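Structural description and commentary
Letter by letter, the chains look like this.
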Amino acid sequence: MVFRRGSRVEVFQASSDEAWEPYMNDFIGAHGVVTDPDTSINDPDDLIEVSLQGKGTHRLPQDCLRVLDDRQGEPS
Amino acid sequence: MAQNTCPVQSTLQYLSERIDSGVLTDPRVRRICESIRMLVEEISLGEAGDGHMPAIDELMAEFETINPNETAVKTRQALNQAFTEHREMFVSHIESRNCPTHDCGVIAPSPCQMACPAGIDVPTYLALIAEGKDAEAIAVIREDNPLPWVCGLVCTRPCEMMCVRGRIDTPISIKFLKAFAAERALSDRQYKNPEPAPPNGKKVCVVGAGPGGLSCAYYLALMGYAVNVIESLPFAGGMLMVGIPRYRLPREVIDREVAMIEDLGVKISFNTRFGMDVTYEQMIEQGTDAFFIAIGAHKAWDMGIKGETDFPRVIEAIAFLKNVALGDRHAPGKRVVIIGGGNVAIDAARTSLRLGAEKVTIAYRRSREQMPADIEEVEQAEEEGIEFAFLTIPTEIRGDGDVITGLACNKAELIAKKGTDRLAPVPILGKDFVIPADAVISAIGQYVDDSGMTAFDKIRWTRRGTIEVNHASMETSMPGVFAAGDAVSGPATVIEAIGGGKRAADAIHRYLNHIPQPRMPKIPVRRHKRPMIEMTASEKMRLTRPSMSMLNVDRRRTTFQQVELGYDEEAVRKEARRCLRCDVCRRCGKCVEVCRDKMGIDALHLGYLDFDHPVKTDFRLTSEKCITCGACAANCENNAMVIEERDGKRMLKLCGTILNEQDIQHCEACGAKLPSAQYMAFISDKTADVTKKSDQRLLCNHCQRKLSARIHVSTRPVKNQ
Ligand SMILES: Cc1cc2nc3c(=O)[nH]c(=O)nc-3n(C[C@H](O)[C@H](O)[C@H](O)COP(=O)(O)OP(=O)(O)OC[C@H]3O[C@@H](n4cnc5c(N)ncnc54)[C@H](O)[C@@H]3O)c2cc1C
Ligand code: SF4
Ligand code: SF4
């Protein structure tokens, strides 16, 4: 999955990546917006910046995220 | 107790249930529980102080001394569990006056503040800017970020992506308002440092004077630490100075804010490389108590293509931009190809153009819509005449002698790889071509240069080649050594480095004072609560985000002059007024529900409340149906929705926006205030089939009763017994 700036995403599972810390289990189920995708090479291994509703902004591994839609934060 | 909700709120609910159900029969147990409930309620409302947790501890200790019945034992156990397991959450509610889960609605932070990696109190400073108080706004920002002017020009603005106003029309221009306020405060000589604490005798060594190192140094200096920053370059700023080009961020801006930090006593040793010019052992000998590493990610990845090492004009974007920042003004070539799709590629391309390259092309493996670069940067580059070659995979740099002649490429198509829905660029057979070029700049990403870090031998590194830290405290696995910024996250953003630096300063302070580190990253702190700015619904809806004036394209192509020229003052004040004040209205939607479901009126058109499915919002429509009954206001826990009476009118206001105003009526007989005409019409309509419509007289209930009693008495006189 390629994450773009503005993609609405869901943290749908815990990540198997070493960057995942125990407190992040509280993020599972949270929705948010990708605020900074990996800035150059679109590497699935890179951490990307996601602003989660009510949980702050964090750099997360991509395998815990799925795209809900790519509306780029626009109102429908 | 409930899971995945705020423990403060669930403890409160639990205690209330226990107390109200009457199961706590022992009077002493009941008294203790009631006292604890009061304290927890104050914590939940953001009204608690330092004494609250100790007071709860004392009450719990007293609870232990009582030998109660089984129910009371259960209650005690449950409370013990809540206060031990979730102590941090209680403390964080007290310290930050924030509830991250939004369960304690009154103290939930706004989405923009939550989105900011440094946790800046956005609505507060926007309100101050709207009031024309720029210096005060800067003081609020600097509680969380010492570089407001820098960030006002280059921040990637995650806050704007989460801005609730964006669900109505466009997000507030949060980033640029910060830059305006900083510039104005400086020119008014009002941009001032806070008073630092007296020196505490402890020393911290910061490695790297980028935004991460500078932020950590700033907050440590404010806490009274002696801070020595080691920087290998001849100036401070890190990538701000040697990465981001001057047409986006003038050097003046960086220098001014760095000078403010130096004014606090922070010493920066320039041209000094840690691990070479100065060593860990030397710093320890000088009495350093803790280290903070913020060395960034300055090494460029190889492209791994033929010819990469054969020509002097194959340049890494990072090295190229750094040389330009150091004063090199030579064009890299006449026909320059940049390889990459991120912001660094765009910066390298626009810089090449300004240095005189005649044709600049960005070759990117994927499609335009998959480019990670900021859309505005891409558009500005296109305006300046930069070309893009999408779905282009470079295969070889070709040349004659040591002169490049072109970049051989394959046309690609995006195909989903087996077992994943991620589209990967795959070369199309036979579709190869050459882009003529005499210089090739690679901008495919950076990694951390760990040379000079050998003395930190107990630090663990991740498989990405970054420093492993505990993100709540930014502690590395080596005691007394902390790290943040790109060296921890990999190439990221200025505001993340700032947020990490601030967090590390707090953690270093805790470490040196033997205070335990937090278990999870701190949630943002609400700094103040500004009064609402009153305006009509139509003004609130009419306000639109101003467009940015730009330097004309001819100058942009030839000079490094700042491209974005900024807003004028009027536009800034108006833009700040457009903010919805989500620090007060937390969009729980209770007002909409009450008006629609309980009252059956459906006057509130607040479609922006739903994060995932926003629909049209129009504050102006409320006045068409609203009867100023006040049911919504009565249900609003945060006082975001209020009914106010003024100048003979009853107004319904949402965070200062007047959604409706109707004339106050008075009782013809006694002069008492009455509901609005619309409200009375609504009631008489509802009750039309049970009560006869009264005559047209305006009477309060009391006078109405008196009148009907008289009628009653005159029509059916009571017989004397
Ligand atoms: C071209 C480019 C454009 C960018 N544009 C943006 C943008 O528009 N917005 C945004 O938010 N982010 C942008 N970024 C990213 C941003 O600049 C970085 O994320 C941020 O600067 C990281 O801060 P830092 O403090 O971790 O490291 P850096 O800013 O990299 O600073 C590290 C410092 O440590 C010094 N150092 C390293 N090793 C040693 C040593 N051994 N001894 C002494 N000193 C040492 C370096 O000289 C440097 O000054 C951009 C990056 C680049 C490359
Ligand atoms: S409208 Fe104002 S308070 Fe709400 S998210 Fe946007 S900037 Fe923040
Ligand atoms: S005051 Fe107006 S908006 Fe509020 S509940 Fe009553 S009718 Fe609805």
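Presented here is a report on the structure given in the accompanying data block. Keep in mind it's a predicted model, so treat the numbers as computed, not measured.

1. A word on the overall build of chain A
Of the regular secondary structure elements, chain A holds zero helices and five strands. Element order for chain A, N to C, with α for helix and β for strand: β-β-β-β-β. Taking contacts inside chain A between residues at least 6 apart in sequence as the whole, the part at least 24 apart equals 56%. Carbon and sulfur atoms form 46% of the exposed surface of chain A, whose accessible area is close to 2700 Å².

2. Structural notes on helix α24 (residues 590-598) of chain B
All names here are of chain B. Among the residues of α24, C591, V592, V594 and C595 are the ones counted as buried. Seen from one end, α24 has its buried residues packed into an arc of 165°, which puts them on one side. Pointing more than 90 degrees away from the buried face of α24 are the exposed residues D597 and K598. Packing partners of the buried residues in α24 comprise α26 (631-635) and β19 (641-646). After α24 finishes, the residue G600 shows a positive phi value of roughly 70°.

3. A closer look at the interface of chain A and chain B
Across the contact, 44 residues belong to chain A and 50 residues belong to chain B. The contact between chain A and chain B buries some 3900 Å² in all, and 46% of this surface belongs to carbon and sulfur atoms. Run the count over chain A and chain B and you get five salt bridges. When the shortest N-O distance is used, the salt bridge between R464(B) and D17(A) registers 2.6 Å. Viewed at the interface, chain B and chain A are joined by 13 residue pairs in polar contact (both at pLDDT 80 or more). Put simply, the parts of the chain that give the side of chain A that touches chain B at least two residues each are β2 (31-36), β3 (47-52) and β4 (56-61) of chain A. Per-element accounting of the side of chain A that touches chain B gives the leading share, six residues, to β2(A). Classifying every residue of the side of chain A that touches chain B gives 13 nonpolar, 16 polar and 15 charged.

4. Section: the packing of helix α7 (residues 122-130) of chain B against helix α11 (residues 174-187) of chain B
Residues and elements named next belong to chain B. Where α7 contacts α11, the two axes come as close as 11 Å, and the packing angle between them is 55°. For the element pair α7 / α11, the angle class is oblique. For the element pair α7 and α11, the recorded crossing hand is left-handed. Contacts from V122, Y125, L126 and I129 in α7 reach I174, L177, K178 and A181 in α11. Taken together, the residues of the contact of α7 with α11 break down into seven nonpolar, no polar and one charged.

About the thresholds
- Residues numbered from 1 in each chain as written.
- Chains lettered and ligands numbered in written order.
- Predicted model: local features only at pLDDT ≥ 70, side-chain atom pairs only at ≥ 80, totals over all residues.
- Heavy atoms only, no water.
- Helix = DSSP H or I, 4+ residues; strand = E, 2+ residues; numbered from the N terminus.
- Contact = heavy atoms within 4.5 Å.
- Areas by Shrake-Rupley, 256 points an atom, 1.4 Å probe, with all protein chains shown as cover.
- Buried < 20%, exposed > 50% of the residue type's maximum accessible area, 1.4 Å probe, protein only.
- Arc of directions from axis to C-beta.
- Buried area = accessible area lost by both parts, 1.4 Å probe.
- Salt bridge = Lys/Arg side-chain N within 4 Å of Asp/Glu carboxyl O.
- Polar contact = N/O pair within 3.5 Å; in protein donor to acceptor, adjacent residues only side chain to side chain.
- Nonpolar A, V, L, I, M, F, W, Y, C, P; charged D, E, K, R; others polar.
- Axes fitted to C-alpha atoms, helices over the stretch in contact; angles between N-to-C directions.
- Parallel < 35°, antiparallel > 145°, perpendicular 65-115°, else oblique.
- Left-handed = near helix turned anticlockwise from the far one by under 90°.

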